[in-house]
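Chain by chain, the residues run as shown.
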Amino acid sequence: RCRLGEAEQTPAGQRRWWKRLVAEVASDEVLEPRRPRINPRVLKRTTFDFPKKKPRDRGPQPTMPEFRKAFHVGR
């Protein structure tokens, strides 16, 4: 975009401009490939003030009634 103002109006001038532009971009510095990460990205664990609940701490689980007994559909 910054070189667009330098483009000429004639087709031959546009071709010369385009060739200069491509040569300039091709001569730009090429970055080396990055090294692989030593430590992979992971989510950090959050810390809690209290220990995690165990199944025995939760108490008895409620049982679900049979579907027909849970809902009465009258006629």
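Quick notes on the rules
- Residues numbered from 1 in each chain as written.
- Predicted model: local features only at pLDDT ≥ 70, side-chain atom pairs only at ≥ 80, totals over all residues.
- Heavy atoms only, no water.
- Salt bridge = Lys/Arg side-chain N within 4 Å of Asp/Glu carboxyl O.
- Buried < 20%, exposed > 50% of the residue type's maximum accessible area, 1.4 Å probe, protein only.
- Patch = residues over 30% accessible without salt bridge, like charges linked within 9 Å, V, L, I, M, F, W, Y side chains within 5 Å.
- Areas by Shrake-Rupley, 256 points an atom, 1.4 Å probe, with all protein chains shown as cover.
- Lys, Arg positive; Asp, Glu negative; His and termini not counted.
- Charge placed at Lys NZ, Arg CZ, Asp CG, Glu CD.
- Helix = DSSP H or I, 4+ residues; strand = E, 2+ residues; numbered from the N terminus.

**Q** Just checking my understanding: could you explain the pattern of salt bridges for this structure?
**A** Tallied over the full model, the rule gives one salt bridge. Salt-bridge contacts for Arg16 lead to Glu8; the nearest nitrogen and oxygen are separated by 3.2 Å. Its relative accessible area of 30% is what places Glu8 among the partly exposed residues.

**Q** Can you help me understand a positive patch on the surface in this one?
**A** A cluster of basic residues, Arg45, Lys52, Lys53, Lys54, Arg56 and Arg58, forms a positive patch on the protein surface. With respect to the secondary-structure elements, Lys53 resides in the loop between helix 1 (11-26) and helix 2 (67-70). Looking at Lys53, the relative accessible area reads 56%, which means it is exposed.

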